[in-house]
Amino acid sequence: MIKIAVLVSGSGSNLQALIDANLSGQIVGVISNKPDAYALERAKNAGIQTAAIEHKQYPTREAFDAVMHQQLLDWDVDLVILAGFMRILSAQFVQSWEGKMVNIHPSLLPNYKGMHTHKRVLNTGDVFHGCTVHYVTAELDAGQALAQGVVKVSNQDTETSLANRVHELEHIIYPQVVEWICTGALKHTSNGVIYRDHPMKAPVQFCKF
Ligand code: GAR
C-alpha cells in the first residue's frame, strides 16, 4: 500500500477530503510549517501522526526543506501531497521528490500561477475558473497538469463565493487523482505520465456549472 504524507499550512479542508475518501493508500503523516494550522487538528482527529516544522526556525529554505525531507524518509513515504502548503520548495527538495509529489492550485493552470487567483480572475473578467492538480517541478505551478475542475464565473461572484465553489471542486478532484496514483491508474514514468495505459496528453476535466 502506498504511503502518503500531506504537507499543509492552513485550514486543511483538502486534507479532510483526502481523509474522508478512504484512499487505497495510507496517509501516514501530516507536516505543517505552521504549528497552529487547523489541518494538524484534523490529522490528530483522524489518528494520523503529525509534525509541526516551523520554517521560521531555520536560517534558509534549504535547511527547512532538509528537515522535512528527513521526516518524509523516516515515515518511509512514497507520495507527497501538497494541500494548501504555502511555501516555495527548494530545487533540491523538488528534485528528490520529482514524480512523487503533487500539488493542487486554485486556478486553471497555466493561467494565474502564484497567489490571489480568485481576485485576479474577477479583475480580468474571465468566464471560467477552477483548480488544477499537477506534478510539482522546480518551476512554480508549472508541472504537468493531471486534472482540472472548472467552474463558471457569474457576474454576481465575489472572491469568497468563487473561492468556495473552487474549493468544492478541489475536494472532488484531489482525492480522485490521488486514488488514481494509489491504484496505479496514473503513473509518472521516464517516458511521461501514463493514465490508464495511455500517455496523458491533457488533464482530465471535471466541470460543475
Ligand atoms: C486551496 O484552495 C489550495 O488550492 C490552495 O490553498 C487552499 C488550501 O485550502 N493552494 C495554493 O494556493 C497553493 N499555491 P485548505 O487548507 O482548506 O485545503
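One can find the structure itself at the top, above this paragraph.
These numbers come from a predicted model, not from an experiment. (Residues numbered from 1 in each chain as written. Predicted model: local features only at pLDDT ≥ 70, side-chain atom pairs only at ≥ 80, totals over all residues. Heavy atoms only, no water.)

### Some remarks on the overall build of the protein chain
Then step 1. For the protein chain, the count of helices and strands is six helices and eleven strands.
Then step 2. For the protein chain, the spread of C-alpha atoms along the principal axes amounts to about 50 × 40 × 30 Å.
Then step 3. Evaluated residue by residue, the protein chain yields a buried proportion of 48% over its 209 residues.
Then step 4. Look at the contacts in the protein chain between residues 6 or more apart in sequence, and 62% of them connect residues 24 or more apart.
Then step 5. Of the roughly 10300 Å² that the protein chain leaves accessible, carbon and sulfur atoms contribute 49%. (Helix = DSSP H or I, 4+ residues; strand = E, 2+ residues; numbered from the N terminus. Buried < 20%, exposed > 50% of the residue type's maximum accessible area, 1.4 Å probe, protein only. Contact = heavy atoms within 4.5 Å. Areas by Shrake-Rupley, 256 points an atom, 1.4 Å probe, with all protein chains shown as cover.)

### Some remarks on the site of the ligand
Then step 1. Residues in close proximity to the ligand include Ser-11, Gly-12, Ser-13, Asn-14, Gly-84, Met-86, Ile-104, His-105, Pro-106, His-167 and Glu-170, which together make up its full environment.
Then step 2. Taking His-167, its side chain carries an N or O atom lying 3.2 Å from an oxygen atom of the ligand.
Then step 3. For the ligand, the protein covers 85% of the area, taking 450 Å² as the surface of the free molecule.
Then step 4. Across the shell around the ligand, the residue classes break down as three nonpolar, seven polar and one charged. (Near = heavy atom within 4 Å. Polar contact = N/O pair within 3.5 Å; in protein donor to acceptor, adjacent residues only side chain to side chain. Nonpolar A, V, L, I, M, F, W, Y, C, P; charged D, E, K, R; others polar.)

### Thoughts on the sheet that holds strand β11 (residues 204-208)
Then step 1. With respect to topology, eight strands assemble into an open sheet ordered β3-β2-β1-β4-β5-β6-β7-β11, the strand pairing being mixed. Whereas interior strands pair on both sides, the edge strands pair on one side only; in this sheet they are β3 (49-52) and β11. For this sheet, the mean angle separating the axes of adjacent strands, direction not counted, is 20°.
Then step 2. Bridge analysis of strand β5 (residues 101-105) against strand β6 (residues 128-135) gives four bridges, and the strand direction is antiparallel. (Pairing = 2+ DSSP bridges. Axes fitted to C-alpha atoms, helices over the stretch in contact; angles between N-to-C directions.)

### Here we look at the packing of helix α5 (residues 117-124) against helix α6 (residues 159-183)
Then step 1. Close contact between α5 and α6 brings their axes to 9 Å; oriented N to C, the two are set at 120°. α6 is crossed by α5, and the crossing has right-handed handedness. Residues His-118, Lys-119, Val-121 and Leu-122 of α5 form the contact with α6, whose participating residues are Glu-159, Leu-162, Ala-163 and Val-166.
Then step 2. Residue classes in the contact of α5 with α6 are distributed as five nonpolar, one polar and two charged. (Left-handed = near helix turned anticlockwise from the far one by under 90°.)

### Some thoughts on the pairing of strand β4 (residues 79-82)
Then step 1. Where burial is concerned, the two faces of β4 agree: the one with Leu-79 and Ile-81 and the one with Val-80 and Leu-82 are both buried.
Then step 2. Relative to β4, strand β1 (residues 3-8) runs parallel, the two being bridged by four bridges. Counterpart to Ala-5 in the pairing with β4 is Val-80.
Then step 3. Handedness of the crossover is the feature at issue here: the chain leaves β4, passes through helix α4 (residues 91-96), returns alongside β5, and the resulting connection is right-handed. (Right-handed = clockwise from strand over helix to strand, strands pointing away.)

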